[in-house]
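# Summary of structural features
Read off the chains here:
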Amino acid sequence: MPLSIHANRRTFLGTLGALGGYLSGILTGALSSPRKLFAASAGLPNTGKVTGFGASGNVYEELGVATVINGQGTMTVLGGSLMRPEVEAVMAQAGRHFVSIPDLEVAAGKRIAEMLKLPEGYAAIVTSGAAAAMQSGLAGILTGDNPKFIEQIPDLTGMKSEVIIQKSHRNPFDHQLRNTGVKLIVVESRDDVKKAINPQTAMMHFSNFADASGQIKVEEWVKLAHENNIPAFIDAAADTPPVSHLWDYANMGYDLIAFSGGKAIRGPQCAGLLVGKKDLVAYALLNNSPHEDTIGRSQKVGKEEIVGMVKALESYLKEDHEALTKEWQRRLEFVAAQVAKIPSVTTSYFVPDVANHVPHLHIQWQQQRIKLTPREASQALRKSQPSIVVSAGEEGREGLSLSSFMLQPGEEKIIAENLAALLKSHAG
């Protein structure tokens, strides 16, 4: 389905040319020579030495901001995850050259679709996070390739204006949907969905981390949407691991899927993925930076993040995920063995069904014997040196919860030592 449109902005037309080729399976203007692109830049010294800010090797300490030991997981408020060295390396290469961002998006998306073995007719682009993918994806559904609609959104005059969502799937992230100007139509049952569908229905939205709490489950939701010729979008931001989720939802038939790049994939924190039907992905890019007068202009994703996301995915797909899971469990067992020596302290393990789907340690104690609430314990660890972040009352559990998959080697020993000392100091 090639795009056919007239516009007077050079970059807009450039994207249409690239995307039109993409939709017909031909890359026009894409990167033809990675070797040439990443050649050493003439006249740009690269001594590897940092002077001034950063010379100490700890930029956070220089700014007076404490680093933390992350026992909570891939939380955006803590910076997501830590990029692999090879991701940092290719991002540095990308930062030494200029390139057409629309061409780069198309080329990177093609590589990503190949790596993920997406179904025929599916594509991908790199966004500035999963939330940006949600907004741009919906915007593309609303506007198509109509430049007038792209410029006027969130004024939806002439466009569809409603998105159906289950009541249990409402969450702060649907603000990105509301940014487009749509009205969210809240439903609970299958009959509610049938009654809600009308000529103004633009999309049906699914928050995958809420799958267990809604009456309509993930596979049925997309079927209901397609039975009524409505695009189905799934927010799967933190839904890796397992790695198969990167293609599972496309194989289910979801028209658009949003993933975070800076969580378990360990790409740039300000990057995400929008995966979906080629035409809808193309329309999403038209609503996004680098194009001016678009709703997504503020959600800029740079050449470095685009390239970094490709490398992060390549590395993530090659990992030994079974070995990683065993290592995460081993770290938790070390902590459990130390704190369980304290009278009244008990431990157990759990794995969240969706999002941060990795082993977690649950720690409880009798507050009559250890006079400290879980929240007080969490706050005390946060204020300790080094600062340690764990969850209190996660998943409806009374006690502390510890995730180990964002720990750096040896940090489980620091957590065990500090937590054991804290609990002992409050023992009656």
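Structure: see above.
Only a predicted model underlies this, so the values are computations on that prediction, with no experimental measurement involved.

Each value, and the rule that gives it
- Residues numbered from 1 in each chain as written.
- Predicted model: local features only at pLDDT ≥ 70, side-chain atom pairs only at ≥ 80, totals over all residues.
- Heavy atoms only, no water.
- Helix = DSSP H or I, 4+ residues; strand = E, 2+ residues; numbered from the N terminus.
- Buried < 20%, exposed > 50% of the residue type's maximum accessible area, 1.4 Å probe, protein only.
- Contact = heavy atoms within 4.5 Å.
- Areas by Shrake-Rupley, 256 points an atom, 1.4 Å probe, with all protein chains shown as cover.
- Pairing = 2+ DSSP bridges.
- Right-handed = clockwise from strand over helix to strand, strands pointing away.

This brings us to the overall build of the chain. Each helix and strand counted, the chain has 16 helices and 13 strands in total. Put simply, the chain has 428 residues, and 52% of those count as buried. Taking the contacts inside the chain whose residues are at least 6 apart along the sequence as the reference set, 70% of them involve residues at least 24 apart. For the chain, the accessible area works out to roughly 19800 Å², and carbon and sulfur atoms hold 52% of it.

A word on the pairing of strand β7 (residues 256-260). In terms of residue burial, β7 counts as a mostly covered element, since five of its five residues are buried. Across the two faces of β7 the burial is the same, with L256, A258 and S260 and I257 and F259 all buried. Pairing analysis gives three bridges linking strand β6 (residues 232-235) to β7, with the strands arranged parallel. Bridge assignment links F233 to a residue of β7, and that residue is L256. Between β6 and its parallel partner β7, the chain crosses via helix α11 (residues 245-252), and the hand of that crossover is right-handed. Across five bridges, β7 lies against strand β8 (residues 272-277) in antiparallel orientation. Note that in β8 the partner of I257 across the bridge is V275.

Here we come to unusual backbone geometry. At the junction of T240 and P241, the peptide bond is cis and its omega measures out at 0 degrees in the coordinates. Looking at the element boundaries, P241 is found in the loop between β6 and α11. Here P241 and P242 are connected by a cis peptide whose omega angle stands at 5 degrees. Secondary-structure assignment places P242 in the loop between β6 and α11. The backbone of N229 shows a phi angle near 55 degrees, a positive value even though the residue is not glycine. Within the chain, D293 stands out as a residue other than glycine whose phi angle is a positive 55 degrees.

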